[in-house]
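# Chains, contacts and geometry: an overview
One letter stands for each residue in the lines below.
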Amino acid sequence: MIHSLFLINSSGDIFLEKHWKSVVSRSVCDYFFEAQERATEAENVPPVIPTPHHYLLSVYRHKIFFVAVIQTEVPPLFVIEFLHRVVDTFQDYFGVCSEPVIKDNVVVVYEVLEEMLDNGFPLATESNILKELIKPPTILRTVVNTITGSTNVGDQLPTGQLSVVPWRRTGVKYTNNEAYFDVVEEIDAIIDKSGSTITAEIQGVIDACVKLTGMPDLTLSFMNPRLLDDVSFHPCVRFKRWESERILSFIPPDGNFRLLSYHVSAQNLVAIPVYVKHNISFRDSTSLGRFEITVGPKQTMGKTIEGVIVTSQMPKGVLNMSLSPSQGTHTFDPVTKMLSWDVGKINPQKLPSLKGTVSLQAGASRPDENPTINLQFKIQQLAISGLKVNRLDMYGEKYKPFKGIKYMTKAGKFQVRT
Amino acid sequence: MSSNSFAYNEQSGGGEATELGQEATSTISPSGAFGLFSSDLKKNEDLKQMLESNKDSAKLDAMKRIVGMIAKGKNASELFPAVVKNVASKNIEIKKLVYVYLVRYAEEQQDLALLSISTFQRALKDPNQLIRASALRVLSSIRVPIIVPIMMLAIKEAAADLSPYVRKNAAHAIQKLYSLDPEQKEMLIEVIEKLLKDKSILVAGSVVMAFEEVCPDRIDLIHKNYRKLCNLLVDVEEWGQVVIIHMLTRYARTQFVSPWREDDGLEDNEKSFYDSDDEQKEKTDKRKKPYTMDPDHRLLIRNTKPLLQSRNAAVVMAVAQLYWHISPKSEAGIISKSLVRLLRSNREVQYIVLQNIATMSIQRKGMFEPYLKSFYVRSTDPTMIKTLKLEILTNLANEANISTLLREFQTYVKSQDKQFAAATIQTIGRCATNISEVTDTCLSGLVCLLSNRDEIVVAESVVVIKKLLQMQPAQHGEIIKHMAKLLDSITVPVARASILWLIGENCERVPKIAPDVLRKMAKSFTSEDDLVKLQILNLGAKLYLTNSKQTKLLTQYILNLGKYDQNYDIRDRTRFIRQLIVPNEKSGALSKYAKKIFLAQKPAPLLESPFKDRDHFQLGTLSHTLNAKAAGYLELSNWPEVAPDPSVRNVEVIDLAKEWTPAGKAKNENPTKKFYSESEEEEDSSDSSSDSGSESGSESGEEDEEGDSSEDSSEDSSSEPESESGHQSDTENRRAAKRNSKTKGKGDSKDGKKENEKSKTSDSSNAESSSVEESSSDSESESESESESESRKVTKEKEKKAKQDRNRLATDASLLDLDDFNPVSTPVALPTPALSPSLIADLEGLNLSTSSSVISVWIPSADLRATHQATLQQHPHVK
């Protein structure tokens, strides 16, 4: 399956290579560089590139290209999904996944990659198992290792791989037993010029942080499970229980994991919590344009909207913008033509606005499209779909865990066309 | 020591190496400056010394640096002898790093690599399964041909190992050995055959992978393991699931008959699946031979469904392609929701999924129509995603949604991403040709775009308008005039060429403008692009033929210009045209037909989707993505006309079955109802013998009625593949089926309410007559059976007591039986009657206190049983 892996940074240097079968010369990446050149932006590099003898499948994350070399037919998603899993694992291990971090931890990276694939076929991809095999580096451990001469490699042999709950380590112990669940919903929406909604969807996830001793068996039930239209589960969730009783029953992995992602059925009308009033015009005669946007709350169920950030990609003809916000800070990058306005909290009494003029390139024709406005925001303590967790029960262990649940609504891909 | 380290720092060039060193041992001082003076040779000396030292920490440090070198692609092969010595190190990390090194360089240093073999051979006998496994893993990764026999032996032994983990590694080793020495194929197939029988979920994925790599054509090896694989599927790890699903898709296409009805079996571009109801009615009228799905076929479709909920995009895609390729078309609809869900994922996943949706949406529009808005383009999408979404939107466009779509397209045309805007214009053109209602609207919209300020947009519009007009040779004089005016302003060659061509084609419709255009073009001929020049020549020729009075001189002037053009294509064309149209003494017979040649009706270009022909590749494969056959692509075969003998999939057939099979075969010659009714009788008697008296009475009474109804239904609603329950011969099955369909509320059985009621009564009678235990858990088992089809982690039910487990088994059994008892229209020997004793056992088992006896009799449950037993072992807390 996966023959080799190359890590390439944004300036086109191969800074790590790993081979699981015979060595493939790194010159194979030239085809990738070619494709990269052709695609003007990193985002547009095709994920699948055929070369005379190999196929290059790549993912682009954290400004690093992870290029897998394939020789024979394989489902492309198989490789892509695996590469994303590699990135997730690195992130899990090192906190961030960046070139310097990978270079610093090259030995751990190598050991992890060695365990993840055998002859190009995934072997251990659960981070719980991997962490048992190879302990993630911490400052403390590095110090201890240098003094005592012990190693990063786990000296007991991992048992997780053999167990029936391969996602959970055995022998977990905590003094404080706690289980936290975050219900995070994102609104994807396209709002048209006149403010009416073209499409709006709610996608949600439940992320969990479970630190419980032993082998706890949890059940999580909802007040209104019917809201969930399409769900995908962490492998630990018992599908049958969900099908019959709409209850999430699972033995959780240790630590952070995504329990569930869901889609709220399309029948439910999506409450759009914000509106944007805009007045953007580029005049032909003068090389000046007018720019004015106001952001205000709409259906927020009494909660405050925080962390509002407005971004907009201005047309190429725009030279500069002189704007003054009523609150927050704004920046305009004359090179990328990206306008960004960090609004912060919306105060319903005093709506934030950004006003000013746009100077256009002299002689250039008027841009024929107004820029779209992308919105980010957060609303704490609210799941916009109305989803509510009913209760969380634990079986199989005797202690009483601390349980916590948090709701949050965020903007996903929220666009306003102007 | 420290000086050595300096040397190293120089070599690997940078502070990072220093950091590494620091991390490992504090003895090394971080200064790379001195390193400048040390040589390559010296540096390796240093590492060698460290490797030979007595201290583990020094060795480890050296190994870490060496691995760092390997990671950067630097050559560290010189150190091989020094490294290999440490293969037997007690320190696990050193050992692991040595393994990394060994696997990387063994191929280059074959002789030296042999030094390490004995260590692995010893480890292969270690009592710890993990050590055995890792020894096998490294041993098989050393690509040295001399050790092939040793590897073969090791694989054979490991394949019989007690630990499933070791067997899993053996499966991996098979592929490695095969790629090292393909001549071992036969022996390896034997091992694969053996491992395929393995019942552990750990092994399943890996061995199927080995199967796909080594002997994908040996489909016969799968038969006996088919049902087991289907049943294990939900519990296998996700990567294995992908591989198994792809293999089973291929298997199903060779072993089952097509579930697609004949008239929509091939291509149904027009008939979306909304029409299927009508089609069904038609079919019923025609009274065609009913199709009934092979129960094994159904088993596969049912057992993969829960995997649509997987978090792994590859698994979801694999299930989607399975449904697309082997499920009845009416059932494939459920995959769209899951595929649309994947669109929330990363850009790369989106790209692949959208490609597959594009292919699907050409053939079956209806599947994705409800999700139209999910394909709306966002300005932040990368261009490749945008164009794919556009493609899908075009495929989904129909009379009902076209007005919404066109409004959406208007926004796209104005996009700052001009490449995307151009693609949108092409899309509008395609919509205009596909949907005749909007052709005029689209055309006028495109004409408006001609006054756009962006040249690319205008050019694209011209090209598309040209195509549209060509398809509709009606009166579009106005548009042509408008475009002729545009010639003054447009500079994009393709657009200019298109306009000229259009004027030439319609020169008789615009008799006044055409010669004037030619005049202008003659003036600018020399400065035009080659593409435009060719069209000027064409225009001249056409006008010469239709309106020679006005244009003769002009044309000759242009031909003269063309004669001395730099481009030989243009010179050729000029010569050709001159010979053809200008009469001279040598001009042959062709010139008589010059007008016909130039002004013939040209077929309109078809505006087709680039995804039109991709469907001959299996969805979700690399070949599909590339639209070219990738190395190692396995063709998906067409459905067989007649299904091969399904009995090959039976695992251990017990004696009774053997008695029955020949009978079944004999009956197959003329598959009449008699076969079923006979078996019914047999069933019945066996049933009643096992059941309590009161029940048997009621059942036999029912049986008669059912015999009738099954006859009726086989005539009436037989075309519906779902209505299996109508044909049930066995009452127990029947009851299970009813329960199933009732709780599901799916309305699968269209036999009418009466039967439903009846089954209810039989249900209750059953509950009464069977033991208390049964009735107490009845509700539970009902819910079980309801979700059985989607059972995932069946096994992980902690709360269920073993007792209920047994009950579930019973229901499982009946569910399976239900499938097996389909009156399959295909001429095959049904082994199913063999199940009747198992049913007896089931019924008996309900009264028994231990579950084991039930299990032991039941045949296809052998695999299921394994999972269930595994469950019990797996959950130590389940009492």
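Residues numbered from 1 in each chain as written. Chains lettered and ligands numbered in written order. Predicted model: local features only at pLDDT ≥ 70, side-chain atom pairs only at ≥ 80, totals over all residues. Heavy atoms only, no water.

In the nomenclature of an unreviewed UniProt entry, chain B corresponds to AP-3 complex subunit beta-1 isoform X5 from the organism Equus przewalskii. UniProt annotates chain B under Sequence similarities (unreviewed entry) with the comment "Belongs to the adaptor complexes large subunit family." (UniProt positions renumbered as here; feature names shortened; annotations may be inferred.)

The name an unreviewed UniProt entry assigns to chain A is AP-3 complex subunit mu-2, from the organism Equus caballus. Taken from UniProt, the Sequence similarities (unreviewed entry) comment for chain A reads in full: "Belongs to the adaptor complexes medium subunit family."

## A word on the overall build of chain A
A count of helical and extended segments in chain A gives seven helices and 23 strands. Counting every position in chain A, which comprises 418 residues, the buried fraction comes to 57%. Sequence separation of 24 or more characterises 68% of the internal contacts of chain A that already satisfy a separation of 6 or more. Just so you have it, chain A exposes about 16800 Å², and 51% of that area is on carbon and sulfur atoms. (Helix = DSSP H or I, 4+ residues; strand = E, 2+ residues; numbered from the N terminus. Buried < 20%, exposed > 50% of the residue type's maximum accessible area, 1.4 Å probe, protein only. Contact = heavy atoms within 4.5 Å. Areas by Shrake-Rupley, 256 points an atom, 1.4 Å probe, with all protein chains shown as cover.)

## A closer look at the overall build of chain B
Summing up its helical and strand segments, chain B has 45 helices and zero strands in all. Within chain B, counting contacts between residues at least 6 apart in sequence, those at least 24 apart form 71% of the total. As displayed, chain B has an accessible area near 35500 Å², and 52% of this comes from carbon and sulfur atoms.

## Structural notes on the sheet that holds strand S16 (residues 306-313) of chain A
Residue and element names in this part refer to chain A. Across the sheet, nine strands lie side by side as S11-S13-S9-S8-S23-S21-S16-S19-S18; this open sheet has mixed pairing. What marks the edges here is a single partner per strand, and that holds for strand S11 (228-233) and strand S18 (329-333). Put simply, the sheet's adjacent strands are angled 15 degrees from each other on average, direction ignored. (Pairing = 2+ DSSP bridges. Axes fitted to C-alpha atoms, helices over the stretch in contact; angles between N-to-C directions.)

## Topic: the interface of chain B and chain A
Contacts between the two partners involve 114 residues from chain B, matched on the other side by 108 residues from chain A. The contact between chain B and chain A buries some 9800 Å² in all, and 54% of this surface belongs to carbon and sulfur atoms. Counting every contact that joins chain B to chain A gives eleven salt bridges. The closest approach of N and O atoms between Asp 230 of chain A and Arg 341 of chain B, which form a salt bridge, is 3.3 Å. Our count for the chain B to chain A interface comes out at 38 residue pairs in polar contact (both at pLDDT 80 or more). Ranked by residues supplied to the side of chain B that touches chain A, first place goes to helix H20 (residues 347-363) of chain B with seven residues. (Buried area = accessible area lost by both parts, 1.4 Å probe. Salt bridge = Lys/Arg side-chain N within 4 Å of Asp/Glu carboxyl O. Polar contact = N/O pair within 3.5 Å; in protein donor to acceptor, adjacent residues only side chain to side chain.)

## Details of the side chain of Asp 188 of chain A
Mapping Asp 188 of chain A onto the fold places it in strand S8 (residues 178-191). Side-chain polar atoms of Asp 188 of chain A contact the backbone nitrogen of Lys 413 of chain A, separated by 3.0 Å. The residues touching Asp 188 of chain A, leaving out its near neighbours within four places in the chain, are Thr 199, Ala 200, Glu 201, Gln 203, Gly 412 and Lys 413 of chain A together with Arg 344 and Arg 378 of chain B.

## Quick notes on the sheet that holds strand S3 (residues 48-50) of chain A
Residues and elements named next belong to chain A. In space, the five strands of this open sheet follow the order S2-S1-S5-S4-S3, with antiparallel pairing throughout. At either margin of the open sheet sits one strand with a lone partner, and together these are strand S2 (14-19) and S3. Taking the axes of each pair of neighbouring strands and ignoring which way they run, one obtains an average angle of 20 degrees across the sheet. The pairing of strand S1 (residues 2-9) with strand S5 (residues 64-70) spans seven bridges and is classified as antiparallel. Residue pairing for S5: Leu 5 is matched across the bridge by Ala 68. Helix-sheet contacts for helix H2 (residues 76-94) involve S1, strand S4 (55-61) and S5, and the interaxial angle to S4 is about 40 degrees.

## Notes on the pairing of strand S21 (residues 373-380) of chain A
All names here are of chain A. Here five bridges tie S16 to S21, and the two strands are oriented antiparallel to one another. In the strand pairing of S21, Ile 309 is matched with Gln 376. Relative to strand S23 (residues 402-416), S21 is paired through six bridges, and the arrangement is antiparallel. In the sheet register, Asn 374 faces S23, and the bridge partner there is Gln 415.

## Thoughts on the environment of Ile 335 of chain B
Residues and elements named next belong to chain B. Assignment of secondary structure puts Ile 335 in helix H19 (residues 334-342). Judged by its relative accessible area of 0%, Ile 335 is buried. Sequence-wise, Ile 335 and Ala 320 are 15 residues apart; in three dimensions their C-alpha atoms are separated by 5.5 Å.

## Re the environment of Leu 177 of chain B
Residue and element names in this part refer to chain B. Mapped onto the elements of the fold, Leu 177 is located in helix H10 (residues 164-180). Expressed as a C-alpha distance, the spacing of Leu 177 and Ile 147, which sit 30 residues apart in the sequence, is 9.9 Å. Residues in contact with Leu 177, not counting those within four places in the same chain, are Val 148, Met 151, Met 152, Ile 155 and Leu 188.

## With respect to the packing of helix H18 (residues 313-326) of chain B against H20 of chain B
All names here are of chain B. The N-to-C vectors of H18 and H20 enclose an angle of 10 degrees; their axes lie 11 Å apart at closest approach. Classed by the angle they form, the pair H18 and H20 counts as roughly parallel. Side by side, H18 and H20 meet where Ala 313, Met 317 and Trp 324 of the first sit next to Val 349, Asn 356, Met 360 and Gln 363 of the second. Of the residues in the contact of H18 with H20, the class split is five nonpolar, two polar and no charged. (Parallel < 35°, antiparallel > 145°, perpendicular 65-115°, else oblique. Nonpolar A, V, L, I, M, F, W, Y, C, P; charged D, E, K, R; others polar.)

## Description of the pattern of salt bridges
The final tally for this structure, using the stated rule, is 46 salt bridges over all chains. For Arg 238 of chain A, the salt bridge is made with Asp 217 of chain A, and the minimal N-O distance between the two is 3.0 Å. Residue Arg 238 of chain A is located in the loop between S11 and helix H7 (239-245), and its partner Asp 217 of chain A is located in strand S10 (residues 217-222); the two are separated by 21 residues in the primary sequence. For the salt bridge of Arg 65 of chain B with Asp 61 of chain B, the shortest nitrogen-to-oxygen distance reads 3.9 Å. Taken together, the residues span about one helical turn, with Arg 65 of chain B and Asp 61 of chain B both in helix H4 (residues 56-71) at a distance of four residues.

## Describing the confidence of the model for chain B
Residues and elements named next belong to chain B. Of all residues in chain B, 64% attain a pLDDT of 70 or more, and the chain-wide mean is 70. Within chain B, helix H44 (residues 852-857) has the poorest average pLDDT of any element, 38, and H18 the best, 92. Note that residues 1-39 has pLDDT below 50 and, in this model, 57 contacts with residues that lie over four places away or in other chains. Per-residue pLDDT stays below 50 along residues 263-287; that stretch engages in 36 contacts with residues further than four places along the chain or on separate chains. Both scores are given for the predicted complex: the pTM is 0.73, the ipTM 0.89. (pLDDT = per-residue confidence, 0-100.)

## Concerning helix H11 (residues 185-196) of chain B
Residues and elements named next belong to chain B. Look at H11: 16 Å from first C-alpha to last across twelve residues, which is about the 16 Å you get at 1.5 Å a residue. Taken together, the buried positions of H11 are occupied by Leu 188, Ile 189, Val 191, Ile 192, Leu 195 and Leu 196. Taken end-on, H11 shows its buried residues confined to a sector of 160 degrees, consistent with a single buried face. Among the exposed residues of H11, those oriented more than 90 degrees off its buried face are Glu 186 and Glu 190. Where H11 is buried, its residues contact helix H9 (148-159), H10, helix H12 (201-214) and helix H13 (226-232). (Expected span 1.5 Å × (residues − 1). Arc of directions from axis to C-beta.)

## Some remarks on the packing of helix H8 (residues 129-141) of chain B against H9 of chain B
Residue and element names in this part refer to chain B. Direction vectors running N to C along H8 and H9 enclose 150 degrees, while the axes themselves pass 10 Å from each other. Taken as axis vectors, H8 and H9 run roughly antiparallel relative to one another. Judged by the sense of rotation from one axis to the other, the crossing of H8 with H9 is left-handed. Where H8 approaches H9, its residues Leu 136, Leu 139 and Ser 140 are matched on the opposing element by Ile 150, Met 151, Ala 154, Ile 155 and Ala 158. Residue composition of the contact of H8 with H9, by class: seven nonpolar, one polar and no charged. (Left-handed = near helix turned anticlockwise from the far one by under 90°.)

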